[in-house]
Amino acid sequence: MDKKIIIAPSLLAADFSKLREEITEVEKLGAEYLHLDVMDGNFVPNISFGAPVISSLRKHSNLVFDVHLMVNEPDYLIKDFADFSDIITIHAEATKHLNRTIQLIKSFGKKVGVALNPSTPLDVIKYDLDNIDMVLIMTVNPGFGGQKFIPEMIQKIKDLRKINKNIDIEVDGGINDKTAKLVKEAGANVLVAGSYIFSGNYKEKIDSLK
Ligand SMILES: O=C(CO)[C@H](O)[C@H](O)COP(=O)(O)O
Ligand SMILES: [Fe+2]
């Protein structure tokens, strides 16, 4: 059975001077998740926003808060983020003890996502798949919005969908109306889009991704 397609606008591309209005708008237009990119300037070369910004938005939205931690050794952040997140996604490349970090997120009753950089093989999560709710296949190298989709990731999505029919497969980076079609056909069901949605007509953009 095909999984429902979920749209997750990435706050990174929103107008930072009016975040509350931006998230209210995308929620009204049919987005289900809000994708929140936390960058530490270490795992990735960029710094974005952190817990204070996200927690202050929590009371203004019913969207599923989908936090993408691009942070080295993220265990120290999990307890704080659990207070206002629904899904916490960590990078397999960023933690020495992936299984421990997964268990830590689960201990707070939160959904667990594991992100894989474009060059990271699916094998690294083979023995953890039963404990993961969502796999985030990075379709660009992490750290920046507005990059070009890496087409080789289509095969990676197909390979994962073949291994597991039920797991949520999220894609992140370079998603637009054209790449959305390709990733959906390959088996992805959670589509993150930043620059595509937040440039232009939000309704048309969200509808075109679905
Ligand atoms: O994790 C990310 C970057 O590391 C962002 O979620 C991603 O880049 C979304 O931006 P865009 O849709 O503009 O590519
Ligand atoms: Fe992201």
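Residues numbered from 1 in each chain as written. Chains lettered and ligands numbered in written order. Predicted model: local features only at pLDDT ≥ 70, side-chain atom pairs only at ≥ 80, totals over all residues.

The name given to the protein chain in an unreviewed UniProt entry is Ribulose-phosphate 3-epimerase, with the source organism recorded as Leptotrichia mesophila. Under the Sequence similarities (unreviewed entry) heading, UniProt states for the protein chain: "Belongs to the ribulose-phosphate 3-epimerase family." (UniProt positions renumbered as here; feature names shortened; annotations may be inferred.)

**Some words on the UniProt feature "active site" (unreviewed entry) in the protein chain**
Mapped onto the present numbering, the UniProt feature "active site" (unreviewed entry) falls on Asp 37 and Asp 172. Across 136 residues of sequence, these annotated residues stay compact in space, with a maximum C-alpha separation of 10.4 Å. Along the chain, the position of Asp 37 falls in strand E2 (residues 33-39). Not counting residues within four places of it along the chain, the set of residues in contact with Asp 37 comprises Ser 10, Leu 12, Ser 48, His 68 and Met 70. (Helix = DSSP H or I, 4+ residues; strand = E, 2+ residues; numbered from the N terminus. Contact = placed C-beta atoms within 7 Å.)

**Structural notes on the sheet that holds strand E5 (residues 111-116)**
Read from one edge of the open sheet, eight strands run E1-E8-E7-E6-E5-E4-E3-E2, paired in parallel fashion. Whereas interior strands pair on both sides, the edge strands pair on one side only; in this sheet they are strand E1 (6-9) and E2. With direction set aside, neighbouring strand axes in the sheet form an average angle of 20°. Where strand E4 (residues 87-91) and E5 come together, five bridges link them in parallel fashion. (Pairing = 2+ DSSP bridges. Axes fitted to C-alpha atoms, helices over the stretch in contact; angles between N-to-C directions.)

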